[in-house]
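# A structural walkthrough
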Amino acid sequence: MSKPKPKIRKEVVLMPKQDPKERSSNFNEVALGYTEEQAVSEAERCLQCREAHCVKVCPVEVGIPAFINLIRERKFDEAIRKIKEKNSLPAICGRVCPQEEQCQANCTMGKVGDPVSIGRLERFVADLEMEKGYEIPQKPVPTGKRVAIVGAGPAGLTVAADLAKFGHEVVIFEALHKPGGVLIYGIPEFRLPKKIVEAEAEYIEKLGVTIRMNAMIGKLYTLKELLEQFDAVFIGTGAGLPLFMRIPGENLCGVYSANEFLIRVNLMKAYTFPKYDTPIYVGERVAVIGGGNVAMDAARCALRLGAKEVKIVYRRSREEMPARAEEIENAEEEGVVFEFLTNPKRFVGNERGWVKAMECIRMRLGEPDESGRRRPVPVEGSEFMMDVDTVVIAIGRTPNPVIQQTTEGLQVTKWGTIVVDENGNTSLEGVYAGGDIVTGEATVISAMGAGKKAARAIHEYLTKK
Amino acid sequence: MYRIVTKLELVSHINLFKFSAKEIAAKTKPGQFVILKVDERGERIPLTVAGVDVEKGTITVVCHEVGKTTKQLGSLNEGECIQDLLGPLGKRAEIRKFGTVLCVGGGVTVAPLHFQAKAFHEAGNMVIGVIGARTENQLILEDKMRKVCNELYVATDDGTRGYKGLDFLKDLFKERKIDRVVAAGPIVMMKTVSELTRPCGVPTIVNLIPTMVDGMGMCGACRVSVGGKTMFACVDGPDFDGHQVDFEELMARLKMYAPQEKLAFVFYEKGGRSL
């Protein structure tokens, strides 16, 4: 008689986190990562489904059961190699992918217990490799074809890595002074340490990709000029323009766009001021308007910068919040207060032009709108004043317009996004686009997925050319 | 890295720099600006370009040491480098034949104004220049301005040189037919000029460089109210209709970080970059 199989645990191995009290006053990473034993123990929960539903929904098609099996066998080097066949930014994805809506939502284990923590396992092997030093795959035979990539965000970096592996010469043009796009300017240190972004960008450079900083396409060179020097161009300029509420008092001192607030804190490291030169002002009572991940990030930064009270003001209720459940929970643990069904009407300033209060109105939920969420409707006569000295507006971002404005013949939607076919091809020959510049503000991994597709299409185009 | 190929002290605490930046030089037109960052820990500051040499591949900026970053920049010498230089940013100034163009500049901005005045002159305009400074020994580029202006007036706040203040412009606007006014300089000066031209309705363009971080439309730190609408100086400007700008709001916003700026300056004065 064969030995009975050991029963598989239904409960996920929890990942250690910094204590909420402690972490709300530092910028160190909140989630601490699995130990080797924890990782192996979690890997043992994977059922190794023959038909892997997790892989089907992964935008970059990572061989999930295969890499998890290698972790179970403690072949960590092989596990990361397996991931990197498809994903060049695993330490980033392991941290910021919404796995609960993608691979983990489809995990068979999830039907009987907790789904396997795929993201934490990915992070574990990626971090391990980073500590040891990257393994650089053998350089392919050069094809002699040159590709320009506009924007060193998640989409651009993915396209670059994939094309470099095919043997094409790749140059990324990045307007900021550091690569990473939203990974470096938007997502805070405590959620995604910048040394990880720097390391993964460095890995992509080691694949043979050139990253040029301070090069804003549309200003320094037009897209047309790039096409004279390169065989193909990929546009991954993202959604970086802040939306404002267009209500009175929005230009008072102390009112920030989430982008400004986060760029100062993350890209410019204002939390170390005056060691780094860029300042930031955070008062005692901070209101963050919005309910997405960016709002959570801004609120948690404000707490860490010394605010006494940080409120998230959101016009719908908890159920409609677009932020990841994990981030909402983290924010709540740290002491962020939520004001649901509330919307600002105007900001009130003091005699020096600084915001001192915000007039709000209560909302109720009406019929569903085009997004499927119930539309918030103002409750008449419910206005009230909220004392604030800092406001961060985190109600969304729109596509960067410069390339569209400076490129004749490039088809654009009324929302300013670039029109592409299913392969990322734009209305111009040899010009591809992907990520937020095509979809509007979305996730890191969906941008990477679009990059992956575009890289394949560009390779095909260059091979035929 | 971007090398300083020329450094020239124009007057005390005002330096002219030529940076080696071939690609930027080839694309920059009058009215546009660059963002520079001195080193790894530096802040990003906008500076209006004061000239280009396409052949030599240099751009010129003139910088007044008023705070930590400008002081640090002023401590650099020829041959040394700054880490980051991004440009050209902002829209180009509208340069064409208007007739008579009055170019007013104050303090350090006389330098970028010269770049514009020269272009207006080459476009066939009659150019009247007005340059000012706090006091006589802070006046810059007078000779260079004289070469590109048909007439040049000099004014100082304290009257140590030329006219005292800008009141004399009132008479000038009465006596002369002026088709366009371009003002670049301290906010108070641009506001004064805009108020002077409002009654006679002469189109008045002001060049606004508020606090910026990225300089390409991402942060909105540089937002200004123009005719009741919010604009981003970095991408919608930097040139705006002076009769429509809310200068009070702009002045308040420029002071937003005054305490921090002071602190950074004190730290720098005490410890240099060693902190």
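Provided above is the structure to which this section pertains.
Residues numbered from 1 in each chain as written. Chains lettered and ligands numbered in written order. Predicted model: local features only at pLDDT ≥ 70, side-chain atom pairs only at ≥ 80, totals over all residues. Heavy atoms only, no water.

### Let's talk about the side chain of lysine 269 of chain A
Residue and element names in this part refer to chain A. So the rule is basically this: A run of H or I in DSSP becomes a helix once it reaches four residues, and a run of E becomes a strand once it reaches two; helices and strands are each numbered from the N terminus. Summary of the burial criterion: residues with accessible area below 20% of their type's maximum are buried, those above 50% are exposed, and those between are partly exposed, where the area comes from a 1.4 Å probe applied to protein chains only. His is not counted, nor are the chain ends, whereas Lys and Arg count as positive and Asp and Glu as negative. Salt bridge criterion: a side-chain nitrogen from Lys or Arg within 4 Å of a carboxyl oxygen from Asp or Glu. Whether two residues are in contact is decided by their heavy atoms: any pair within 4.5 Å suffices.
With respect to the helices and strands, lysine 269 occurs in the loop between helix H12 (258–267) and strand S7 (285–289). Within the buried core, lysine 269 has no salt-bridge partner, and the shortest N-O distance to an opposite charge, that of glutamate 189, equals 4.4 Å. When near neighbours in sequence (up to four residues on either side) are disregarded, lysine 269 contacts Glu189, Lys194, Arg264 and Tyr276.

### A closer look at the interface of chain B and chain A
Rule in force here: A 3.5 Å cut-off defines polar contacts: any pair of N or O atoms within that distance qualifies, except that in protein one atom must be a possible hydrogen donor and the other a possible acceptor, and neighbouring residues in sequence count only when both atoms are side-chain atoms. Charged means Asp, Glu, Lys or Arg here, nonpolar means Ala, Val, Leu, Ile, Met, Phe, Trp, Tyr, Cys or Pro, and polar covers whatever is left, Gly included.
Counting residues at the interface gives 48 residues for chain B and 44 residues for chain A. Counting every contact that joins chain B to chain A gives four salt bridges. With a closest N to O distance of 2.8 Å, glutamate 40 of chain B and lysine 178 of chain A form a salt bridge. Our enumeration of links across chain B and chain A arrives at 23 residue pairs in polar contact (both at pLDDT 80 or more). Secondary structure elements with two or more residues in the side of chain B that touches chain A: helix H1 (22–27), helix H2 (68–74), strand S8 (84–89), strand S15 (223–226), strand S16 (229–232), helix H8 (247–254) and helix H9 (258–271) of chain B. The element that contributes the greatest number of residues to the side of chain B that touches chain A is S8 of chain B, accounting for six residues. Of the residues that constitute the side of chain B that touches chain A, the class distribution is 20 nonpolar, 13 polar and 15 charged.

### Re the sheet that holds strand S3 (residues 33–37) of chain B
Residue and element names in this part refer to chain B. Inclusion rule: In short, DSSP must find at least two bridges between two strands for them to pair. What counts as an axis is a line fitted to C-alpha atoms, over the stretch in contact for a helix, and the angles between N-to-C directions run from 0 to 180 degrees.
Ordered in space as S4-S3-S8, the three strands form an open sheet in which the pairing is antiparallel. Edge positions in the sheet fall to strand S4 (45–48) and S8, since each has one partner strand and no second. Recorded for the sheet is a direction-independent mean angle of 25° between the axes of neighbouring strands. As judged from the four bridges shared by S3 and S4, these two strands associate in the antiparallel manner. Pairing of phenylalanine 33 across the sheet is with threonine 48, part of S4.

### Describing the side chain of threonine 156 of chain B
Residues and elements named next belong to chain B. Summarising the element assignment, threonine 156 is placed in strand S11 (residues 151–156). By relative accessible area, threonine 156 is classed as buried at 1%. In terms of polar contacts, threonine 156 uses its side chain to reach the backbone carbonyl oxygen of arginine 161, at 2.8 Å. Residues within four places of threonine 156 in sequence aside, it is in contact with Ala133, Arg134, Thr135, Glu136, Arg161, Tyr163, Lys164 and Gly165.

### Re the pattern of salt bridges
A complete count under the given rule lists 55 salt bridges over all chains for this structure. A salt bridge links glutamate 309 of chain A to lysine 311 of chain A; its shortest N-O distance comes to 4.0 Å. In this structure glutamate 309 of chain A comes out as partly exposed when scored by relative accessible area, which is 30%. The partner of glutamate 142 of chain B in a salt bridge is arginine 146 of chain B, with the nearest N and O atoms 2.6 Å apart. One end of the pair, glutamate 142 of chain B, and the other, arginine 146 of chain B, are both in helix H4 (residues 142–148), four residues apart, so they sit about a helical turn from each other. Take arginine 146 of chain B: its relative accessible area is 41%, and that puts it in the partly exposed class. Here the salt bridges do not stand alone but share partners, grouping Lys17, Arg23, Arg191, Asp297, Arg300, Arg304, Glu327, Glu333 and Glu334 of chain A into one network.

### Details of the packing of aromatic side chains
Spelled out, the test is: Side-chain rings of Phe, Tyr and Trp (the six-membered ring for Trp) are treated as a pair once their centres are within 6.5 Å; stacked means planes under 30 degrees apart, edge-to-face means over 60, and tilted covers the remaining angles. In this analysis the charged atom, NZ for Lys or CZ for Arg, is taken to sit over a ring once it is within 6 Å of the ring centre and within 35 degrees of the ring normal.
Counting across every chain of the model gives 15 aromatic pairs over all chains. For the pair phenylalanine 173 of chain A and phenylalanine 230 of chain A, a centre-to-centre distance of 6.0 Å together with 90° between the ring planes defines the contact as edge-to-face. Of this pair, phenylalanine 173 of chain A sits in strand S2 (residues 169–173) while phenylalanine 230 of chain A sits in the loop between helix H11 (223–229) and strand S4 (232–235), and the two are 57 residues apart along the sequence. Looking at phenylalanine 173 of chain A, the relative accessible area reads 5%, which means it is buried. Exposure remark for phenylalanine 230 of chain A: the relative accessible area of 5% places this residue in the buried category. Note on tyrosine 256 of chain A and phenylalanine 261 of chain A: the rings are 5.3 Å apart at their centroids and 70° apart in plane angle, and the pair reads as edge-to-face. Accessibility classification places tyrosine 256 of chain A together with phenylalanine 261 of chain A in one group, the buried group. Here the aromatic residues Phe27, Phe190 and Tyr271 of chain A are joined through ring pairs into a cluster of three or more. A cation sits over an aromatic face here: lysine 84 of chain A above tyrosine 203 of chain A, 3.5 Å from the ring centre. A cation sits over an aromatic face here: lysine 68 of chain B above tyrosine 268 of chain B, 5.3 Å from the ring centre.

In short, geometric facts, not functional conclusions.
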